[in-house]
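Residue-level structure breakdown
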Amino acid sequence: MDNPSTPFALAAIVHAGKGSADALLLEFVQELRAKNYRVCGLVQGPEVQKEGHSLRTVQDLDKGTLYPITQNLGSESTACCLDIGALLEASEVLRQALESPADLVIVNRFGIMEADGQGFNNEIMALIDQGYPVLTVVAHTYLPAWREFTGGLAVELAPERQALWNWFESSRQAA
């Protein structure tokens with residue numbers, strides 16, 4: 001799954017199910033920061049309660065700000081509950097990363113919105129264009145869309161600590 005010969009430093013932890021890579025990603029961020037690397041971006045945050053409903057969040061790694069990215073559409077709704085406005089607000093964190101001396105930028109995941117050509121795609125491409133290493137998370141479900149989005153040039157990582165370190169070190173050597 002590892003492909004360290006990519007021409008740009010873009011990688012995704014490929015995982016099997018909801019939340020299965022989030023703890024690994026947070027541990028990796030903590031390890032990088034303990035070694036004085038500058039890591040910024042967005043990670044999955046804890047669920048928050050609003051009006052008796054649980055909402056998923058993303059969290060700004062620098063400021064700790066939580067952005068609720070889902071909305072309550074009612075128990076009968078079958079529509080996507082992602083809140084486009086909240087995603088847009090959270091994307092500002094990624095745009096601000098373009099002005100930072102980051103060693104790595106985390107984009108919480110490449111999911112349904114990104115697979116549909118929306119979400120954080122513009123921010124991912126801007127970061128790559130400016131030479132920032134970018135790491136995200138992709139479920140098997142969205143892997144074909146991820147490969148199409150990246151032209152097959154991104155590294156696909158197993159959800160293993162050593163795979164993350166190998167990619168990060170090779171991306172720094174290539175820079």
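Residues numbered from 1 in each chain as written. Predicted model: local features only at pLDDT ≥ 70, side-chain atom pairs only at ≥ 80, totals over all residues. Heavy atoms only, no water.

1. Considerations on the overall build of the protein
Each helix and strand counted, the protein has six helices and seven strands in total. Of the regular secondary structure in the protein, the N- to C-terminal order runs β-α-β-β-β-α-β-α-α-β-α-β-α. Across the 175 residues that make up the protein, the buried fraction comes to 45%. If you take every contact in the protein between residues at least 6 apart in sequence, the share linking residues at least 24 apart comes to 65%. Of the roughly 9000 Å² of accessible surface on the protein, 49% is carried by carbon and sulfur atoms. (Helix = DSSP H or I, 4+ residues; strand = E, 2+ residues; numbered from the N terminus. Buried < 20%, exposed > 50% of the residue type's maximum accessible area, 1.4 Å probe, protein only. Contact = heavy atoms within 4.5 Å. Areas by Shrake-Rupley, 256 points an atom, 1.4 Å probe, with all protein chains shown as cover.)

2. Some points on unusual backbone geometry
Backbone phi values are negative for most residues with the exception of glycine, while trans is the configuration of most peptide bonds. Unusually for a residue other than glycine, asparagine 36 sits at a positive phi of about 70 degrees. Considering the arrangement of structural elements, one finds asparagine 36 in the loop between α1 (22-34) and β2 (39-50). Judged by relative accessible area, asparagine 36 falls into the exposed class, the value being 70%.

3. A few points about the pairing of strand β1 (residues 10-15)
Extensive coverage of β1 is indicated by the burial of six of its six residues. Where burial is concerned, the two faces of β1 agree: the one with Leu10, Ala12 and Val14 and the one with Ala11, Ile13 and His15 are both buried. Examined bridge by bridge, β1 and strand β7 (residues 155-157) share three bridges and lie parallel to one another. If you follow alanine 12 over to β7, its bridge partner there is glutamate 156. (Pairing = 2+ DSSP bridges.)

4. A look at the nonpolar core
Residues Leu10, Leu42, Val105, Phe120 and Trp146 are the most contacted members of the largest nonpolar core, which totals 28 residues. For this core, the secondary-structure elements that each account for two or more residues are β1, β2, α2 (84-97), β5 (104-110), α4 (121-129), β6 (134-139) and α5 (143-150). If one sorts the elements of this core by residue count, α2 sits on top with five residues. Setting aside chain neighbours within four positions, we find leucine 10 in contact with Ile124, Ile128, Val134, Trp146, Thr150, Ala154, Val155 and Trp167. If you look at the next biggest cluster of nonpolar residues, it comprises 23 residues, including Val39, Leu61, Leu135 and Val155. (Core = buried A, V, L, I, M, F, W, Y, C linked by side-chain atoms within 4.5 Å.)

5. Quick look at α2
Note on helix geometry: an α-helix contains 3.6 residues per turn, so any two residues three or four positions apart are oriented the same way. An ideal rise of 1.5 Å per residue puts 20 Å on 14 residues; α2 measures up with 20 Å between its terminal C-alpha atoms. Restricting attention to buried positions, one finds in α2 the residues Ala86, Leu87, Ala90, Ser91, Val93, Leu94 and Ala97. (Expected span 1.5 Å × (residues − 1).)

6. Brief notes about the confidence of the model for the protein
Any region with low pLDDT has predicted coordinates that should not be read closely. Of the residues in the protein, 84% have a pLDDT of 70 or more, and the chain-wide mean is 86. Of the regions scoring below 50 in pLDDT, residues 1-7 engages in 14 contacts with residues more than four places distant in sequence or in other chains. (pLDDT = per-residue confidence, 0-100.)

7. Quick word on the packing of aromatic side chains
This structure, assessed with the given rule, holds seven aromatic pairs. Ring centres of phenylalanine 28 and tryptophan 165 lie 5.2 Å apart, and the angle between their planes is 80 degrees; this geometry places the pair in the edge-to-face category. You can see phenylalanine 28 sitting in helix α1 and its partner tryptophan 165 sitting in helix α6 (residues 161-174), a full 137 residues away along the chain. On the basis of an interplanar angle of 85 degrees and a centroid distance of 6.1 Å, the ring pair of tryptophan 165 and phenylalanine 168 is categorised as edge-to-face. Here the residue tryptophan 165 and the residue phenylalanine 168 both occupy positions in helix α6, the gap between them amounting to three residues, near one helical turn. (Phe/Tyr/Trp six-rings, centres within 6.5 Å; stacked < 30°, edge-to-face > 60°.)

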